[in-house]
Amino acid sequence: MAKRDGARLTDEQIDWVVAAYTRGDVADEQMAALAMAILLNGMDTGEIARWTQAMIDSGEVLVFGDIGRPLVDKHSTGGVGDKITLPLAPLVAACGAAVPQLSGRGLGHTGGTLDKLEAIPGWRAALSLEEIAAQLADVGAVICATTPTLAPADRKLYALRDVTGTVESIPLIASSIMSKKIAEGADGLVLDVKVGSGAFMKTPESARELATTMVELGRAHGLATTALLTDMSVPLGRAVGNALEVAESVEVLRGGGPADVVELTVALAREMLALARIDADPAAVLAKGEAYAVWERMIAAQGGDPDAPLPVAAHVEEVVADRSGYASFDALAIGTAAWRLGAGRARKEDAVQAGAGVRLLVDHGAAVAAGEPLLQLHTDTPDAVAGARELLGGIVADAPPGPRRLVLDTLR
Ligand code: URA
């Protein structure tokens, strides 16, 4: 009620409500009302810091012990074709750091890192804390499911926000992300805060506010944090969908792949290595294939076969340009189409299709002729194609787009 009426929550109120909700003593309806009041009335810096601490205190902080390398972590606020974690974790490990990537599954139009890796035959997402620590010391990189003991208040609250229209609150997003990241116990964190149609934050102003809030939260908790604001108005790379994105990540790890995926991977790696105080050139390490060697070991350590053929969709259809002009690929439209084709899920319990998604056949902004194939739609459920085509809307523009700046700003 205090928050509904515009008042500040006291430290005691925050500690109590987060702990009681986690225990089940505060009902979902009550917490949903509070989340809505926070969405509408906001929280000040002190409230956000206390809320974040209460979420951390709802579980345990991971302690990996001495693994002989600096621990550095990365988080992306989510985007379309955002497979960057896949090449980035082995790259930063190949440069000498340890990278624990405790990740989630996708919901809605943005894909989840675990869904992508589960396209690899045999690969296992669930690891114990001991397995994570051993793999960090041995291979240097782990991408796995988040452990149930990490900020359990957030797990419950995020699921509730998802169904009550209360996700889009900067204090709630910042505390949700940072409570999990701080509880992971890394020495440094690089945030990739996405801006544009395919991102949570549609405008540079709101993305900057979220990034600043998270950098300050990190600092207040002794976690060195840097944030990059990066463009998400266009999909990253040419592949959107689980197995399609794994294949593209492998191209990058082998020294090829789309220029934007390489650029962002290297830019994030540089920031992570700076926080880890490691003097290495990630672009050179990537080009030499050293990150690919770590990838193979990382996948094999979790039961996956890095050489196995990836699943392919049963049905592939092309979308051609309906007129001459310039290819125009909107991140939200493509992400939603890939989701509809089976690459994503609408509810937590849904399964995803490993082979489904959208492949871009030309670059955004390329000059195209009428009838030229621009996209491939991949799915096991051909009935979904008509809906996906509708969601795509116009993919040819009359004028070329302005130049794309991928990294818009860096906040330290
Ligand atoms: N990702 C999270 O982990 N939490 C949010 O609130 C939004 C995105």
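Refer to the preceding data block for the structure.
Residues numbered from 1 in each chain as written. Predicted model: local features only at pLDDT ≥ 70, side-chain atom pairs only at ≥ 80, totals over all residues. Heavy atoms only, no water.

**Q** Tell me about helix α2 (residues 28–41), and name the residues and values.
**A** Helical geometry: 3.6 residues make up each α-helical turn, so side chains three or four residues apart lie on a common side. For α2, with 14 residues, the first-to-last C-alpha span of 20 Å sits near the 20 Å given by 1.5 Å per residue. For α2, the set of buried residues is Met31, Ala32, Leu34, Ala35, Ala37 and Ile38. (Helix = DSSP H or I, 4+ residues; strand = E, 2+ residues; numbered from the N terminus. Expected span 1.5 Å × (residues − 1). Buried < 20%, exposed > 50% of the residue type's maximum accessible area, 1.4 Å probe, protein only.)

**Q** Before we move on, can you summarise the site of the ligand with the specific residues and values?
**A** In the vicinity of the ligand, the contacting residues are Tyr158, Arg161, Ile173, Ser176, Ile177, Lys180 and Phe200. Within the side chain of Ser176, an N or O atom sits 2.6 Å from a nitrogen atom of the ligand. Notes on the ligand: free accessible area 240 Å², of which the protein chains cover 93%. Going through the elements one at a time, α7 (152–164) and α8 (170–183) are the ones with two or more residues in the shell around the ligand. Counting residues per element, the shell around the ligand draws most heavily on α8, at 4 residues. A breakdown of the residues in the shell around the ligand according to their chemical character gives 4 nonpolar, 1 polar and 2 charged. (Near = heavy atom within 4 Å. Polar contact = N/O pair within 3.5 Å; in protein donor to acceptor, adjacent residues only side chain to side chain. Areas by Shrake-Rupley, 256 points an atom, 1.4 Å probe, with all protein chains shown as cover. Nonpolar A, V, L, I, M, F, W, Y, C, P; charged D, E, K, R; others polar.)

**Q** Describe helix α10 (residues 242–253), naming the residues involved and giving the relevant values.
**A** For α10, which comprises 12 residues, the first-to-last C-alpha distance of 17 Å matches the rise-based estimate of 16 Å (1.5 Å per residue) to within 8%. α10 sits mainly inside the fold: 10 of its 12 residues count as buried. Inspection of α10 places Asn242, Ala243, Leu244, Glu245, Val246, Glu248, Ser249, Val250, Val252 and Leu253 among the buried residues, and these make up the whole buried set. Of the residues flanking the end of α10, it is Gly255, one or two places downstream, whose phi is positive at about 95°.

**Q** Could you give an account of the sheet that holds strand β8 (residues 325–327), naming the residues involved and the relevant values?
**A** Think of a sheet as strands paired side by side through backbone hydrogen bonds, with each pair either parallel or antiparallel. Strands sit in the order β10-β8-β12 across an open sheet of 3 strands; the sheet is antiparallel. Strands at the two margins of the open sheet, each flanked by one partner only, are β10 (367–368) and β12 (396–397). The sheet contact formed by β8 and β10 spans 2 bridges and is antiparallel. Counterpart to Tyr326 in the pairing with β10 is Ala367. (Pairing = 2+ DSSP bridges.)

**Q** Tell me about the side chain of Lys83, residues and numbers included.
**A** On the secondary structure map, Lys83 appears in the loop between β1 (72–76) and α4 (85–94). Of the polar contacts made by the side chain of Lys83, one reaches the backbone oxygen of Gly81; its length is 2.7 Å. For Lys83, the side chain forms a polar contact with the main-chain oxygen of Ala239, separated by 3.0 Å. Among all residues touching Lys83, those that are not within four sequence positions of it are Lys116, Leu236, Gly237, Ala239, Glu245, Glu248, Ser249 and Val261. (Contact = heavy atoms within 4.5 Å.)

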